[in-house]
Amino acid sequence: MRGVVLAGGSGSRLLPLTKVTNKHLLPVWNKPMIYYPLETLRGMGITEILIVTGGDSSGDFLKLLGNGNEFGIKLYYAYQEGEGGIADALKLAEGFVDDSKYDSKFIVMLGDNIIRGSLLSFASNFKCQPSGAKILLKEVNDPSRFGVANITNGIITDIIEKPKDPISPYAVTGIYGYDRSVFDFIKTLKPSERGELEITDVNRYYMQQGKLTYEIWEDFWSDAGTFESLALASKYIKELYNG
Ligand code: DAU
């Protein structure tokens, strides 16, 4: 399978850190944030990866990562105009996915997600799934910051983006498996109240089709898109390396 890292958006929750650079180039302990999703995808056996980025510092991704040789991967780039949301960034991957000689299913990772451990079995389980989508859930203390999935009898029955009163502790992490029908659905999507094409609407579409599977992640996972979560992720990685 091919992989996609979404690294656009304005990073406004991290201002002024993101005033002159892209959020995904900021350090998480001793490496730029974007290294972590790339390493996670490589750990899934994925070596052809599209980075979707945007804004004024998009050229810096090329300076930092080049063609991916140094990391043992092959990198491709796409540019998102504006900050129209996660699904808006994802739609730029259509040609890249259709070009793949391997599989029309693919894995997406948000560029600010940091995970410890291997997602190889997540990828291979998704590969065996005939069609549809797969998401990774994590039990968290502060679900209202995330998309939240409600599970009844082992089936996802609802997903709500940043609910005030969360219906469960299961955050939808930024690691998704999709088949290529995702692109047809995104073309029909309308922006949410905050003006974005929401990935939660994409996942709800698959849920309504009965084609959304999930796994629950027990090891460390965090986003790094707020001051608190960026500090937490840095602290965690530091302790992991230094004991
Ligand atoms: O981290 C997991 C959460 O990520 C999920 O639980 C939520 O359902 C999902 O909506 C998302 O929530 P956030 O509020 O954290 O999304 P954020 O706007 O911070 O965007 C996350 C990443 O998506 C960002 O690091 C880069 C990419 N992105 C985002 C936007 C808005 C783009 O590539 N383009 C965009 O226009």
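Structure: see above.
Right, let's walk through the structure included here. (Residues numbered from 1 in each chain as written. Predicted model: local features only at pLDDT ≥ 70, side-chain atom pairs only at ≥ 80, totals over all residues. Heavy atoms only, no water.)

## Things to note about the overall build of the chain
Each helix and strand in the chain was counted, giving 8 helices and 13 strands. In terms of overall size, the chain behaves like a compact globule, its C-alpha atoms giving a radius of gyration of 17 Å where 243 residues would be expected to give roughly 18 Å. Expressed along its principal axes, the backbone C-alpha trace of the chain runs to roughly 45 × 40 × 35 Å. In the chain, of all internal contacts separated by at least 6 residues, the share reaching a separation of at least 24 is 73%. As presented, the chain carries roughly 11,300 Å² of accessible surface, and 51% of it is formed by carbon and sulfur atoms. (Helix = DSSP H or I, 4+ residues; strand = E, 2+ residues; numbered from the N terminus. Rg over C-alpha atoms; globule rule 2.2 N^0.38 Å. Contact = heavy atoms within 4.5 Å. Areas by Shrake-Rupley, 256 points an atom, 1.4 Å probe, with all protein chains shown as cover.)

## Some points on the packing of aromatic side chains
Given two aromatic rings, one states the distance between the centres and the angle between the planes to describe the pair. One pass over the structure, following the stated rule, counts 10 aromatic pairs. A ring pair is formed by phenylalanine 106 and tyrosine 178, whose centres lie 6.4 Å apart and whose planes are at 50 degrees; its orientation type is tilted. Of this pair, phenylalanine 106 sits in strand 6 (residues 106-110) while tyrosine 178 is found in strand 11 (residues 170-178), placing the two residues 72 residues apart along the sequence. According to the relative accessible area criterion, tyrosine 178 is buried, its value standing at 0%. Positioned above the aromatic ring of phenylalanine 96, the side-chain terminus of arginine 2 is 4.4 Å from the ring centre. (Phe/Tyr/Trp six-rings, centres within 6.5 Å; stacked < 30°, edge-to-face > 60°. Buried < 20%, exposed > 50% of the residue type's maximum accessible area, 1.4 Å probe, protein only. Lys NZ or Arg CZ within 6 Å of the ring centre and 35° of its normal.)

## So, a nonpolar patch on the surface
A surface patch of nonpolar side chains, amounting to about 300 Å² of accessible area, comprises Trp29, Leu240 and Tyr241. Residue position: tyrosine 241 is located in helix 8 (residues 227-242). (Patch = residues over 30% accessible without salt bridge, like charges linked within 9 Å, V, L, I, M, F, W, Y side chains within 5 Å. Salt bridge = Lys/Arg side-chain N within 4 Å of Asp/Glu carboxyl O.)

## What about the nonpolar core?
In terms of nonpolar packing, the biggest core is built from 34 residues, with Val4, Leu90, Phe106, Tyr178, Val182 and Val202 touching the most fellow members. The contact partners of valine 4, leaving out residues within four places of it in the chain, are Leu41, Leu50, Val52, Ala93, Phe96, Phe106, Ile107, Val108 and Met109. Ranked by size, the runner-up nonpolar core spans 31 residues in total, among them Met1, Leu119, Ala123 and Trp217. (Core = buried A, V, L, I, M, F, W, Y, C linked by side-chain atoms within 4.5 Å.)

## Let's talk about the environment of aspartate 165
Along the polypeptide, aspartate 165 turns up in the loop between strand 10 (155-161) and strand 11. A residue is classified by how much of its surface remains accessible, and aspartate 165, at 67% relative accessible area, is exposed.

## Concerning the site of the ligand
Surrounding the ligand, one finds 26 residues, the nearest of these being Arg13, His24, Glu161, Lys162 and Val172. Between the ligand and the protein, one listed contact pairs an oxygen atom with a side-chain N or O atom of lysine 23 at 3.1 Å. For the ligand, a nitrogen atom lies 2.8 Å from a polar atom in the side chain of glutamine 80. Across the complex, the protein chains shield 96% of the 700 Å² of accessible surface that the ligand would expose by itself. For the shell around the ligand, the elements supplying multiple residues, two or more each, are strand 1 (2-7), helix 3 (86-90), strand 11 and strand 13 (221-223). (Near = heavy atom within 4 Å. Polar contact = N/O pair within 3.5 Å; in protein donor to acceptor, adjacent residues only side chain to side chain.)

## Points about unusual backbone geometry
With an omega of 5 degrees, the peptide bond between leucine 15 and proline 16 qualifies as cis. Of note, proline 16 is situated in the loop between strand 1 and strand 2 (27-28). A positive phi angle is found at asparagine 153, which is not glycine, with a value near 50 degrees. Mapped onto the secondary structure, asparagine 153 falls in the loop between strand 9 (147-152) and strand 10. In this structure asparagine 153 comes out as exposed when scored by relative accessible area, which is 76%.

## Regarding the side chain of lysine 31
Structurally, the position occupied by lysine 31 is in strand 3 (residues 31-32). With near-sequence residues (within four places) excluded, lysine 31 lies in contact with Leu26, Tyr36, Glu39 and Tyr241.

## A few points about the pairing of strand 8 (residues 133-139)
The side chains of a regular strand alternate between the sheet's two faces. Most of strand 8 sits inside the fold, with 6 of its 7 residues counted as buried. Relative to strand 11, strand 8 runs antiparallel, the two being bridged by 6 bridges. Residue pairing for strand 11: lysine 134 is matched across the bridge by glycine 177. Strand direction decides the pairing type here: strand 8 and strand 12 (residues 212-216), joined by 5 bridges, are parallel. Bridged to alanine 133 within strand 12 is leucine 212. (Pairing = 2+ DSSP bridges.)

## A few points about the side chain of lysine 134
Relative to the assigned elements, lysine 134 resides in strand 8. A distance of 3.3 Å separates a polar atom in the side chain of lysine 134 from a polar atom in the side chain of glutamate 215. What lysine 134 contacts, discounting residues up to four positions off in sequence, is Phe122, Asn125, Phe126, Gln129, Ile175, Tyr176, Gly177, Leu212, Thr213, Tyr214 and Glu215.

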